[in-house]
Amino acid sequence: MVSLNPELEQNVLIEVAKRMCIAARTAPKANGKDFLVTAILSGEELKPLQEEMKRYGEENHFQYFIRDAENIEGKVVVLIGTKLKNPDESVESYTSSAVDLGIAIGSAVSIAADLRVDNRVMYSVGKAALNVGILGDDVKIAYGIPLSISGKNPFFDRR
């Protein structure tokens, strides 16, 4: 029987995250135009994100931001965001960009599901990433997808 140690599990999660970013990138997009931005965070890279999640949660009385900040500790996080297709920020631009983002996220999480890696799409992670500019100032909508290898999915089985 092969048992993965924490370092090997982290390496596997990074590989899964890379495949998720590829799936997001190759997902169908309206008019064939790609405005997606992806990133993978782990280790110390998560600290600014977690700090912003806690700050924002406390400031706005959103307890789930604080809970989610603790929940991603030591995990690998995939960020997927989008720029707007038209700089005028019209409703059509938001709608089209949001639909493309949703399709990309669906493609990404299907990779994690196929590989039986625990994951969850989180608004709180994406909002904090936007607030600190991790994906760039021109990204206007984003979500985070933390990943884990464990006996129970830590993103659903929580207090």
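Small disclaimer: the values here were computed from a predicted structure and weren't measured.

Basis of the calculations
Each residue is numbered by its place in its chain's sequence as written, counting from 1. Note on the predicted model: pLDDT of at least 70 is required for a residue's local features to be given, and 80 or more for side-chain atom pairs to be given and counted; whole-chain, interface and lining totals, by contrast, use all residues. Side-chain measures here rest on the full set of heavy atoms in the structure, leaving out hydrogens and waters. Note on conventions: DSSP H or I runs of at least 4 residues are helices, E runs of at least 2 residues are strands, and numbering of each starts at the N terminus. The contact criterion used throughout is that any non-hydrogen atoms of two residues lie within 4.5 Å. Lining residues are those with an atom within 4 Å of a point, where the points come from a 1 Å grid over the protein atoms alone and group into cavities, where a 1.4 Å probe fits but cannot get out, or pockets, open sets with protein on both sides within 12 Å along at least five of seven lines. Grid points are joined across faces, edges and corners, and a volume is the space filled by probe spheres set on the points. Polar here means any residue other than Ala, Val, Leu, Ile, Met, Phe, Trp, Tyr, Cys and Pro, which are nonpolar, and Asp, Glu, Lys and Arg, which are charged; Gly is therefore polar. Burial classification: accessible surface area is computed with a 1.4 Å probe over protein chains only, and a residue below 20% of its type maximum counts as buried, one above 50% as exposed, and the rest as partly exposed. The pairing criterion for strands is at least two bridges between them, as found by DSSP. Geometry is summarised by axes, namely lines fitted to C-alpha atoms with helices restricted to the contacting stretch, and by angles between N-to-C directions that run from 0 to 180 degrees.

**Brief notes about the side chain of Ser42**
Then, in step 1: Assignment of secondary structure puts Ser42 in strand β1 (residues 36-42).
Then, in step 2: Not counting residues within four places of it along the chain, the set of residues in contact with Ser42 comprises Gln10, Ile14, Lys75 and Val76.

**Looking at empty space enclosed by the protein**
Then, in step 1: Counting across every chain of the model gives one cavity of 30 Å³ or more.
Then, in step 2: The wall of the largest cavity is formed by Lys33, Phe35, Leu36, Thr82, Lys85, Ser97 and Asp100.
Then, in step 3: A class-by-class count of the residues in the lining of the largest cavity yields two nonpolar, two polar and three charged.

**Regarding the pairing of strand β2 (residues 76-83)**
Then, in step 1: Within β2, seven of the eight residues are buried, which leaves it mostly tucked inside the rest of the structure.
Then, in step 2: Sheet analysis places β1 next to β2, joined by seven bridges and oriented antiparallel. Within β2, the residue paired with Leu36 across the bridge is Thr82.
Then, in step 3: Direction of pairing for β2 relative to strand β4 (residues 139-148): antiparallel, over a ladder of eight bridges. Looking at β4, one finds that Thr82 is bridged to Ile141.

**Some words on the sheet that holds strand β3 (residues 118-119)**
Then, in step 1: Read from one edge of the open sheet, four strands run β1-β2-β4-β3, paired in antiparallel fashion. The sheet is open, and its two borders are formed by β1 and β3, each paired with just one other strand.
Then, in step 2: Each of β1, β2 and β4 touches helix α1 (residues 6-26); the most contacted strand, β1, lies at about 175° to it.
Then, in step 3: Sheet contacts for helix α5 (residues 123-132): β2 and β4; angle to β4, the most-contacted strand, approximately 130°.

Purely spatial values, then, with no claim about function.
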